[in-house]
Structure formats: structure tokens, C-alpha cells
Amino acid sequence: MHLTPFQKNLREKILSQGPLSLLEVMGLSNAHYYAEKEVFGREGDFITSPEISQIFGECVAFWIVEQCQREEIYDPILLEMGPGRGTLMRDIVRILSKTKIKPDIHFLETSPKLREFQKENMPEPCVWHDDLRDIPKKFALFLANEFFDALPIQQKVDGVDVYVDYVDDAFVRVPRGGEMIETSPVSLDISKTMAAHLSSYGGAALIIDYGDYTKSERIGETLQAVKQHAYVDPLKHLGDADLTAHVDFKLLSEAFLKKGFRGNFMTQRDFLKAYGFDLRLQKLMEQSLSHDQRQDIQSRAHRLIDPKQMGELFKVLEISL
Ligand code: SAH
């Protein structure tokens, strides 16, 4: 197997220290991936909702307006976790600039390369953090789109932690077979920090991702890797493909429910429809000049809500008081 420099390092580490937990390997792989690669868009590996249509960010902006109006707080901390190219926040800021809401913009982002993108994309000053515990102690609205799916997971087979070894010229997982359970300790830790902040200083959260709200520990494997818009074998492209797992929304919501917050779980389609999707689409159509432009806008918008595309695969967990 041809190895990249990142994979060679990983192999050396395993050969000298023994197998590494899947949790550690996934964390290392994604950190390298987001630090190095051209991730988003047609040229990259995958495309996300804010990159498909500005309507996505506009609907999220309406959600923000609603939270601020209800609490009568117009200078919230607006914290986006894993903002990618910063497109969602840029679309939000454009809408908010027409209101009396003056947010203080913060990002949680580990990739230096993506921080650069975000800086270029944002017309307003913003602050970056490595750790959620560092954000200012005040009313905050948390946003996360396709963030939690990228956090490392732990797999257990019949109760035993899954490790990654290097055998016969390939990365392999041990043990194999048996009943697999996945959990995401990093997600849990982050959700606890968010819940603690919200309960001390007030605020709300919007978590958008693919996943489900079924059992708190799900049976079966959801780990997957995407490269150039196609699924690939996760262990064959370490550091070089986006490794993700379905988000366990029930587990994620527990930290908030314990602090007395309400969780509202719905499909992306229902969320967008509830926050002005049709109106925004109509506005955009009226403003566009050519027939081709209008068709493009319509088909992109449709992709966000179509049950066969992103409309039902993607879910929204809204956390509020
Ligand atoms: N929300 C964006 C991008 C999603 S990709 C969009 O919708 O287009 C995942 C993002 O999370 C990237 O910005 C990546 O660098 C960031 N990320 C991944 N792991 C992280 C971690 N542990 N801490 C902070 N950011 C992380």
C-alpha cells in the first residue's frame, strides 16, 4: 500500500508503541485532513448546506432573530463551531446587519488553514478559540453545522475497545466481528461545556447534522469516509479523506436536558420551512435576472429540503429554555 507522509508517521507510531485506539486515530486523521486539504466544494471532497445555497444561512439568521427577540438581548455572543469556509456566518451577518442585532462573533476552529479562509470570508471582526471554555461569559447562541459528525468516535466490539493496528502492509481494526457500539466522548464533553455555559449565562443552541434520535447507544457502525464526493474505505485514506460518524442526537441532548433546557428535534426540511425558506426563495427568484440563474437557485434550494437529498437525512436539534 502506498503511504502518504502522514500515514507513514502513523505506521511508525503503531509499530513502535503498539495499536492506537480508533478514537486517537480518527482524531489525528481529521486534524491532519482539515489542516491540509482543500476540503469543500466541487474541487474538494464534500459540499455542505451553506455552500449549496445562501437560503440555509438566511433561515438560521431568522432563528437567531427569534432567540434575541424572545430574550430581548441584542448583543449576543454568536459562536459557530467548525465553521469551514465561514460561509454560513457570512450569510447570517448579512441578514443581521439589517436588524438591530449586533452580535459578537466567535469561532471554535482548530485548523489554521480554515481559520485563514474564515478571516478572508468575514467582513466583520471575529475571535477564534481552541477551547469553548475561553469564550466570554455572557448570553450566547451556539451554531454547529456538520461539526459533531467530524469529532472522533470510540468503537467497542462486544465491550472491547477497537484499536487500529498495522498488519500485512495495511491499517486494520482489531477486534473485528461481534456487536459494535459507537460513542463520541469528545462530543459529550463539548455538549456538557455548552450546557454549562447556557445555564450560567443564558442562550440557545442549534445543532445540524446527519444522525438520529433513537437509542442512546446505537448498535452497528456508522463510521464512514468521503473523498471526492464518494464513499471510500476509512482506513485506506487516513488523513486524506473526511472521517465522520452519524450523530447520536439523543446522547448529545442529555447534557442540556439535565440543565433544564428543552430539546426540539426535527428534520432539516421542517426547520428551514419553519424559518422562512419559502419566502427567501421567492425573494431570491425575484431578484435574479436570467432563467438559468433562477433554475440554479431553485435546484440548489430544493437540494436542502428534498427528502431524497438533504431534507430528511439531516436533522436539527434546537436547544432553548
Ligand atoms: N460548518 C462548515 C464545515 C463543516 S466541516 C460547513 O457547514 O460548511 C467540519 C469543521 O469542523 C471544519 O471547520 C473543521 O476544521 C472543524 N473541526 C473539526 N474538528 C474540530 C475540533 N475538534 N475542534 C474545532 N473544530 C474542529
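Residues numbered from 1 in each chain as written. Predicted model: local features only at pLDDT ≥ 70, side-chain atom pairs only at ≥ 80, totals over all residues. Heavy atoms only, no water.

1. A word on the nonpolar core
Item 1. Ranked by internal contacts, the top residues of the largest apolar core, which has 45 residues, are Val60, Trp63, Ile64, Ile92 and Phe271.
Item 2. Among the elements that line this core, the one with the most residues is helix 4 (residues 54–71), at nine residues.
Item 3. The residues touching Ile92, leaving out its near neighbours within four places in the chain, are Gly57, Val60, Ala61, Ile64, Leu78 and Leu143.
Item 4. In terms of nonpolar packing, the next biggest core, distinct from the first, is built from 26 residues, Leu151, Ala255, Phe256 and Ile319 among them. (Core = buried A, V, L, I, M, F, W, Y, C linked by side-chain atoms within 4.5 Å. Buried < 20%, exposed > 50% of the residue type's maximum accessible area, 1.4 Å probe, protein only. Helix = DSSP H or I, 4+ residues; strand = E, 2+ residues; numbered from the N terminus. Contact = heavy atoms within 4.5 Å.)

2. Here we look at the pattern of salt bridges
Item 1. In the structure shown here, the tally under the stated rule is 18 salt bridges.
Item 2. Residue Glu51 is joined to Arg85 by a salt bridge in which the shortest nitrogen-to-oxygen separation is 3.0 Å. Within this pair, whereas Glu51 is found in helix 3 (residues 49–52), its partner Arg85 is found in the loop between strand 2 (77–81) and helix 5 (87–96), the two being separated by 34 residues in sequence.
Item 3. Of the charged contacts in the structure, one is a salt bridge between Glu58 and Arg94, with a shortest N-O distance of 3.1 Å. Of this pair, Glu58 sits in helix 4 while Arg94 sits in helix 5, placing them 36 residues apart in sequence.
Item 4. What makes Glu58 buried here is its relative accessible area of 1%. (Salt bridge = Lys/Arg side-chain N within 4 Å of Asp/Glu carboxyl O.)

3. Quick look at the pairing of strand 2
Within a regular strand, the side chains alternate between the two sheet faces.
Item 1. Along strand 2, five of the five residues are buried, which leaves the element largely enclosed by surrounding structure.
Item 2. Alternating residues of strand 2 divide into Ile77, Leu79 and Met81 and Leu78 and Glu80, and every residue in both groups is buried.
Item 3. Summarising the sheet, strand 2 and strand 3 (residues 104–108) pair through five bridges and their orientation is parallel. Residue pairing across strands places Met81 opposite Leu108, the latter belonging to strand 3.
Item 4. For the crossover that starts at strand 2, traverses helix 5 and ends in the parallel strand 3, the hand is right-handed.
Item 5. Bridge count between strand 2 and strand 5 (residues 140–145): five bridges; the pairing is parallel. From the neighbouring strand, Leu78 faces strand 5, where its bridge partner is Leu141. (Pairing = 2+ DSSP bridges. Right-handed = clockwise from strand over helix to strand, strands pointing away.)

4. A few points about the sheet that holds strand 6 (residues 154–157)
Item 1. Strand order in this open sheet of four strands is 7-6-10-12, and the pairing throughout is antiparallel. The sheet is open, and its two borders are formed by strand 7 (160–161) and strand 12 (218–219), each paired with just one other strand.
Item 2. Both strand 6 and strand 10 (residues 180–183) contribute to a ladder of four bridges, which runs antiparallel. Bridge assignment links Lys156 to a residue of strand 10, and that residue is Ile181.

5. Concerning the sheet that holds strand 8 (residues 163–167)
Item 1. Pairing in this open sheet of three strands is antiparallel, and the strands run 1-8-9 from one edge to the other. Here the strands that pair on one side only, and so sit at the sheet edges, are strand 1 (20–21) and strand 9 (170–174).
Item 2. With two bridges joining them, strand 1 and strand 8 adopt antiparallel strand pairing. Paired with Leu20 across the strands is Val164, a residue of strand 8.
Item 3. Packing against the sheet, helix 1 (residues 5–17) makes contact with strand 1, strand 8 and strand 9, and its axis sits at approximately 95° to strand 8. (Axes fitted to C-alpha atoms, helices over the stretch in contact; angles between N-to-C directions.)

6. Some words on the environment of Ser290
Item 1. Note that Ser290 resides in the loop between helix 10 (277–287) and helix 11 (291–305).
Item 2. Through-space distance from the C-alpha of Ser290 to that of Leu28 is 46 Å; in sequence the pair is 262 residues apart.
Item 3. A polar contact of 3.1 Å, which involves the side chain of Ser290, links it to the backbone nitrogen of Gln293. (Polar contact = N/O pair within 3.5 Å; in protein donor to acceptor, adjacent residues only side chain to side chain.)

7. What to know about the site of the ligand
Item 1. In the neighbourhood of the ligand, 17 residues make up the surrounding shell, with Thr48, Gly82, Gly84, Glu109 and Asn145 lying closest.
Item 2. At a separation of 2.7 Å, a nitrogen atom of the ligand approaches a polar backbone atom of Gly82.
Item 3. Compared with its free state, where it exposes 580 Å², the ligand has 91% of that area covered by protein. (Near = heavy atom within 4 Å. Areas by Shrake-Rupley, 256 points an atom, 1.4 Å probe, with all protein chains shown as cover.)

Read these as layout, nothing more, since geometry by itself doesn't imply function.
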